[in-house]
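# Structural features, examined
What follows is each chain in one-letter form.
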Amino acid sequence: MLEVTIHKKLGSFTINVAFSSGDSGITAIFGPSGSGKTSVINMVAGLLKPDQGQIYFDSEPLFDSEKKINVPPNKRRLGYIFQDGRLFPHLSVRSNLTYGMNLIPKNGRRLGFYDVVNMLDLGDLLHRRPAKLSGGEKQRVAIGRALLTSPSLLLMDEPLSSLDGRRKSEILPFISKMQKKFLIPVLYVSHSTDEILSIADSVIVLRAGEVVFTGGLDIKLVREHPEFFPTFGSNNGVCG
Amino acid sequence: MIELLTLTPLEKEALKLSLWVSTWAVIAILPPGVFIAWLLARKRFFGKTIVDGMTHLPLVLPPVVIGYVLLVLLGRKGVVGAWLYERLGISFMFNWKGAAIASAVVAFPLLVRAIRLSIEQVDQGLEAAARTLGAGPLRVFFTVTVPLIMPGIITGVILAFARSLSEFGATITFVSNIPGQTRTLPLALYTLTQVPDGEVGAFRLCVISVVVAFFALLLSEFSSRYVFNRIRG
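Because the structure is predicted, anything quoted here is derived from the model rather than measured.

### Comments concerning the packing of aromatic side chains
What the rule picks out here adds up to twelve aromatic pairs over all chains. When the centroid spacing of 5.6 Å and the interplanar angle of 40° are considered together, the rings of A:Phe213 and A:Phe228 count as tilted. Of the two residues, A:Phe213 sits in strand S11 (residues 210–216) while A:Phe228 sits in the segment after helix H7 (219–224), which places them 15 residues apart along the sequence. Geometrically, the ring pair formed by B:Phe141 and B:Phe142 is edge-to-face, given 5.2 Å between the ring centres and 85° between the ring planes. Residue classification places B:Phe141 among the buried positions, given a relative accessible area of 16%.

Take a look at the structure:
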């Protein structure tokens, strides 16, 4: 269970959010660009320091401004899948995948290397360099690399936004499958209603740095609240 | 013909000394050079402009001035030099170590510039990604940053090495012109221009200098291309 209450000023923009997300399933952080989604998960990951507040995961503090706790990102045990993949260009796919895995003791590894490789269909890519991969392949490697660190929570920042429609529909099933197979809770940042409808169980809607809605996500909710989900039905998604 | 192609003992001595002095000069400035380059590329701190200026100063100062400052600081009666000699028995005067220091100071800004430029090009998102994968700052530096800036490090090292090879003014002012100790290629060449009938010897040293410099540049070109291709896959 992730519990977040944070306050952060970024220039003239202020982020003031409080939310919690469940032990399993995919929770979407949804909102238009500029609503502060990426800043929020960067703070969860420890890449951005909140001015004030608390971030607790399973009752363990990751950040607490009153207790002066700020766990560095490498000690947070969270997997982060970035919008732009961020594979290490100087390493092969295999070395990218094992980069984080090798940093945790063998008995702490909950996912087997080949389980992840097979699930994400990476077997044929292991010897390649990131420069020789397609956008979709890069994102699959990025997912595998994060999974292999056996994270207790996965953060995904618009992992499909750099892919075209067909590639998106290639990756989405992997994300759902991975979540069901390894039962790792996922925080999924997106601005696409279609995308989150097809994979997320619940949603946190952000507007201008504040939470305006949280709850379970289904088609009924989306239809009833066009003010939160304005893009639904527009042709930018994977369902239509 | 054979005599033309074999080096005389004096030439060999000067060439070996030049390579030795330059190698040590570069080895000595590489770690602080990478550190200062990183500091200037990534950190904001009080007095950054001063550090930046001090780093670049040897690039714009006449080398003779640098040699003189080194003499005042590190000479046997110098501010630091006297202490080093009396306490630790270390002296840089009139030996190859002094020549290496003169070369190091003069070459330092070139090394820092090249490395700093390549650090500025590194996508910091990759370093952030490595942090989220469980790597601490030092590990990130050595496993992500250093491999990515390797072309810059190689360029910097070769530039610094070449600058050391050509160092003249600071060396002759600081540690004089002593055969076998501080008489590197440029100093040997200068010496020959000062004696009657030295033209042929001077010309030969000139050719040797050109050949060495040319090989250094070739090596730089090939190695940075090789490393660059390795990084980009």
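Don't stop here, the text continues.
### So, the environment of B:Ala162
With respect to the helices and strands, B:Ala162 occurs in helix H8 (residues 137–165). Taking the C-alpha atoms as reference points, B:Ala162 and B:Val21, 141 residues apart in sequence, are found 11 Å from one another.

### Describing the pairing of strand S4 (residues 52–57) of chain A
Residues and elements named next belong to chain A. In this sheet, S4 lies alongside strand S1 (residues 2–10) in antiparallel orientation, the contact comprising six bridges. For Leu2, the partnering residue across the bridge sits in S4 and is Phe57. Judged from the four bridges that link them, S4 and strand S5 (residues 60–64) form a sheet pairing that is antiparallel. From the neighbouring strand, Gln54 faces S5, where its bridge partner is Asp64. Remark: two residues form the turn of the hairpin made by S4 and S5, two consecutive strands paired antiparallel; Asp58 in that turn has positive phi of roughly 50°.

### Some remarks on the pairing of strand S9 (residues 186–190) of chain A
Residue and element names in this part refer to chain A. Buried residues dominate S9, accounting for five of its five residues. Burial of the side chains of S9 extends over both faces: Val186, Tyr188 and Ser190 are buried on one face and Leu187 and Val189 on the other. Note: strand S3 (residues 26–30) against S9, five bridges, orientation parallel. Bridge pairing in S9 links Thr27 to Leu187.

The rules we used
Residues numbered from 1 in each chain as written. Chains lettered and ligands numbered in written order. Predicted model: local features only at pLDDT ≥ 70, side-chain atom pairs only at ≥ 80, totals over all residues. Heavy atoms only, no water. Phe/Tyr/Trp six-rings, centres within 6.5 Å; stacked < 30°, edge-to-face > 60°. Helix = DSSP H or I, 4+ residues; strand = E, 2+ residues; numbered from the N terminus. Buried < 20%, exposed > 50% of the residue type's maximum accessible area, 1.4 Å probe, protein only. Pairing = 2+ DSSP bridges.

None of this, on its own, says anything about what the molecule does.
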